[in-house]
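Fold and contact review
Listed below are the residues making up each chain.
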Amino acid sequence: MGIKNSTTTFAQSWGSAQGRLVRLEVLVPFSAMIWILVELFGSCRRRYSHGFFRFFVWAVYTLFTVLGPYTIGLLQDGPFRDQTFVLWGTILLLIQVSADSLSVYSIHDIEQRKRMLVQHMLQIILVLWLIVNCKGHNKSYTATIWMFWIQSVILTYRKSRILRNASKKGGLLKQSKVVADYMMIEHEQIAQDFNHRTMQGYKYIFHGEEELASLLPTAPEYRVEFKEAAMTKFTTIDSVWQWIESQSVLSQEAKETIKDFALSFSLFKLLKRRFCGYQIGEAGLAKTLDFMLHGLISEEGNYVRAFAIIEMELAFLYDFLYTRFDTKAPRYKGWAFYFVVVVTVWNFISGAFSKHYHRSNLEQRVHGTNVTHWVTIVLLIIVLVLSPFPPSTLFDRWELVDELHSYKQPTWEKAMFRVKHISQNCWQRALGQYSLLLNFDYHPWNVLRLLSLGLVDSTREGQKAGKKIMLTDELIEHVLSGFKERNGQLQDGQSALARNQLGNQFSWACALPTHIHKILVWHIGTTIAMDGHPVPPTGDHRVAKTLSDYCAYLVAFVPDMLPGHGYDNQRIFDAVVMEARGSLTGCDTVSSRCEKLVMAVLPSNSGCTILELGAKLGRELRGVVPVEQRWKVLADFWAEFILFLAPSSNAEIHAEKLAASGEFMTHLWALLTHAGILERPATTNSVGGWILFAQDCVVVL
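In this text, all values refer to a predicted model and were calculated from it rather than measured experimentally.

1. Considerations on the pattern of salt bridges
Two side chains with opposite charge may pair up if their charged atoms get near one another. For the structure on display, the rule yields 23 salt bridges. Note that D181 is salt-bridged to K177, the shortest N-O span being 3.2 Å. Pair noted here: D181 and K177 are both in helix α7 (residues 171-185), with a separation of 4 residues, about one helical turn. Residue K259 pairs with E256 through a salt bridge whose shortest N-O separation is 3.2 Å. Here the residue K259 and the residue E256 both occupy positions in helix α10 (residues 252-271), the gap between them amounting to 3 residues, near one helical turn. Residue class for K259 comes out buried when judged on its relative accessible area of 5%. Through salt bridges that share partners, E245, K255, E256 and K259 make up one connected network.

2. What about the nonpolar core?
By size, the foremost hydrophobic cluster in this structure holds 143 residues, and its most contacted members are V479, F483, W522, L547 and F664. With sequence-adjacent residues up to four places away left out, F664 is seen in contact with F307, L431, L471, L475, V479, L547, Y550 and I642. Counting 43 residues, the second largest nonpolar core, distinct from the first, contains V38, I72, V86 and V375.

3. Some details on the packing of aromatic side chains
The tally for this structure, following the rule as stated, stands at 25 aromatic pairs. Ring centres 5.6 Å apart and planes at 45° place the aromatic pair Y202 and F291 in the tilted group. Of this pair, Y202 sits in the loop between α7 and β1 (205-207) while F291 sits in helix α11 (residues 286-296), placing them 89 residues apart in sequence. Across the pair, exposure class does not vary: Y202 and F291 are buried alike. For the pair F641 and F644, a centre-to-centre distance of 6.4 Å together with 20° between the ring planes defines the contact as stacked. One end of the pair is F641 and the other is F644, both in helix α27 (residues 627-645) and 3 residues apart, which spans about a single turn. With respect to class, F641 is no different from F644; both count as buried. The rings of F307, Y434, Y550, Y553, F557, F573 and F664 are connected pair by pair, giving a single aromatic cluster. The positively charged end of K616 is found above the aromatic ring belonging to W508, 5.0 Å away from the centroid.

4. Details of empty space enclosed by the protein
Where empty space is left becomes clear once a probe the size of a water molecule has been rolled over the atoms. A full pass over the atoms with the stated rule returns 4 cavities of 30 Å³ or more. Reported here for the largest cavity is a volume of approximately 70 Å³. Forming the walls of the largest cavity are F307, E311, W427, R429, A430, L431, L471, S661, G662, E663, F664 and H667. Partitioned by chemical class, the residues of the lining of the largest cavity number 6 nonpolar, 3 polar and 3 charged.

5. Points about the UniProt feature "transmembrane region" (unreviewed entry) in the protein
Per the UniProt annotation, the sites labelled "transmembrane region" (unreviewed entry) are residues 26-43, 55-73, 85-105, 335-353 and 373-389. Within residues 55-73, the helical portion is 100% and the strand portion 0%, while the C-alpha atoms at the span's ends are 27 Å from each other.

Cut-offs and rules
Residues numbered from 1 in each chain as written. Predicted model: local features only at pLDDT ≥ 70, side-chain atom pairs only at ≥ 80, totals over all residues. Heavy atoms only, no water. Salt bridge = Lys/Arg side-chain N within 4 Å of Asp/Glu carboxyl O. Helix = DSSP H or I, 4+ residues; strand = E, 2+ residues; numbered from the N terminus. Buried < 20%, exposed > 50% of the residue type's maximum accessible area, 1.4 Å probe, protein only. Core = buried A, V, L, I, M, F, W, Y, C linked by side-chain atoms within 4.5 Å. Contact = heavy atoms within 4.5 Å. Phe/Tyr/Trp six-rings, centres within 6.5 Å; stacked < 30°, edge-to-face > 60°. Lys NZ or Arg CZ within 6 Å of the ring centre and 35° of its normal. 1 Å grid on protein atoms, 1.4 Å probe; cavity = no way out; pocket = protein on both sides within 12 Å on 5 of 7 lines; lining within 4 Å. Points joined across faces, edges and corners; volume = space filled by probe spheres on them. Nonpolar A, V, L, I, M, F, W, Y, C, P; charged D, E, K, R; others polar. UniProt positions renumbered as here; feature names shortened; annotations may be inferred.

Here it is, written out as structure tokens:
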């Protein structure tokens with residue numbers, strides 16, 4: 001009876017007006033704090049990929065989208081008609097619609113924009129009902145309430161437009177269609193001579209395609225027709241470069257920096273076509289490959305510069321897909337800053353701190369302190385501090401684009417500072433690492449999956465990532481220099497072996513049934529070959545080790561980014577983990593596991609497993625001496641092979657990984673797209689039926 005009475009008393013107290021007030025005084029500031037977390041952590045996802053951090057951000061965003069509507073509903077349902085509480089409701093509404101970062105967590109959420117907007121409209125109507133029925137005569141509060149509500153309506157409309165632009169059924173499809181049709185004829189707009197150094201002859205769209213998005217296609221190809229009048233609406237990258245070059249106040253170094261920034265934005269426009277499935281009209285043209293080999297990757301071997309341009313391009317893509325920013329955002333933010341500051345300061349003076357402050361009959365006091373009053377002050381402070389200020393790198397990036405496409409002359413010293421600042425804060429620049437022979441015996445507990453009722457994906461057997469390795473300029477140069485030396489031809493590693501006079505000895509290890517076989521066999525072989533040799537911080541040894549473990553990481557954690565079906569890749573990995581557990585029982589260290597594999601007798605009459613083939617390769621690699629040559633062979637092989645793996649038609653997996661600090665493979669995929677390379681060439685080792693001989697072993701599929 002005591003428990004029942006206590007429960008009844010608690011329920012009555014919880015449902016009373018005073019109990020609802022206590023809930024509001026907790027939930028309203030808590031909702032505002034959640035908004036702060038969304039603003040702070042939303043833009044950090046490009047630089048942090050830790051699983052717990054990603055789950056935390058997802059949980060914060062989910063709580064943010066649920067808690068606000070619930071609190072507004074609590075206000076609407078209770079006896080809260082005083083101006084103070086109505087002001088709370090309008091601030092919560094403003095918070096819901098004004099978060100600039102983390103507008104969506106997944107690229108698929110963009111297509112659910114209508115449901116999201118309907119929810120916002122319902123909240124707008126509920127708050128309007130509160131405003132109409134509000135009690136109180138403080139003119140400052142009345143004006144502020146209406147101004148915040150009107151601003152929420154404007155922000156909701158803006159959010160609708162930007163989400164529509166990022167949707168495949170909206171602006172992304174329409175604007176990319178214009179770019180796709182234009183690039184089918186872009187090479188016809190200029191003479192045969194073109195200059196990759198000045199972008200003369202490269203009339204890639206920089207701005208203006210949205211002006212033609214509503215035009216209907218015309219016969220006979222039924223593409224958007226680009227007449228002379230239509231072409232005047234475009235700003236192309238060659239004209240932007242010429243304008244930047246004409247700015248005499250800039251040093252040559254500053255000009256090159258600004259031009260690279262502009263080029264990254266133009267390439268971003270071209271890359272968006274991959275997410276719509278449109279044909280890449282410039283693919284396969286000599287001009288396109290020349291742009292990459294002698295323009296983006298300059299003759300001076302400035303490979304790091306090329307990679308930085310791709311990084312900035314993908315930062316624009318991230319902004320487009322995962323934030324509410326576009327070229328109109330800076331103008332809006334300038335207006336929002338003055339509006340919010342003036343209104344909030346005015347409210348402080350004549351409202352919350354005024355002797356005419358409207359005191360509610362439902363005020364809550366704790367030790368003489370008016371809690372309701374201070375909640376109002378805290379909310380106004382939060383709005384004043386956070387609302388006008390977007391993440392600085394977002395503001396800088398899009399503001400500079402706005403100035404460039406309109407040929408406004410910015411303050412160049414400020415522009416240079418912005419470019420250098422935003423280029424240093426784009427991505428995490430780290431490569432995931434995984435060692436099969438180290439972590440195949442990892443047994444996950446998956447407690448978090450059980451506690452979250454399946455919201456957190458389970459970790460598979462043996463799936464334990466190693467410490468991430470920071471991407472170095474040396475590694476970038478190793479990968480891109482080989483691409484330039486091969487004149488843009490993708491090779492699956494055999495040419496690297498041939499250049500080191502080892503093609504005949506290791507050709508069998510390049511003739512395997514699938515690319516996943518090859519990745520895992522060479523990863524195991526590389527681990528065995530390196531066993532007992534400390535990995536230095538730089539050099540071929542470090543490059544080979546990093547790329548080998550990164551490719552294995554992709555097999556274990558991002559199989560959809562590799563050739564073949566993602567599920568098949570996943571199952572092959574799971575099978576090899578079980579094979580390793582069966583073969584290496586009792587070996588507790590990587591060295592003992594490597595030695596057991598090397599000493600094992602390979603079967604002669606049955607098909608070899610991936611583990612056995614990796615052991616054979618590792619034993620043969622140990623025979624390559626001196627060790628410096630061994631490291632060079634492996635570094636050249638992995639640098640060549642990873643580029644061979646990069647082409648993919650699965651653009652969505654690259655877009656999704658942008659929200660989790662990005663992947664090195666995504667940068668290579670984008671770079672090859674702009675070189676006109678969309679598919680990997682067929683390997684010369686493919687034979688009908690996939691019956692492949694590896695000297696001692698026969699692999700049969």
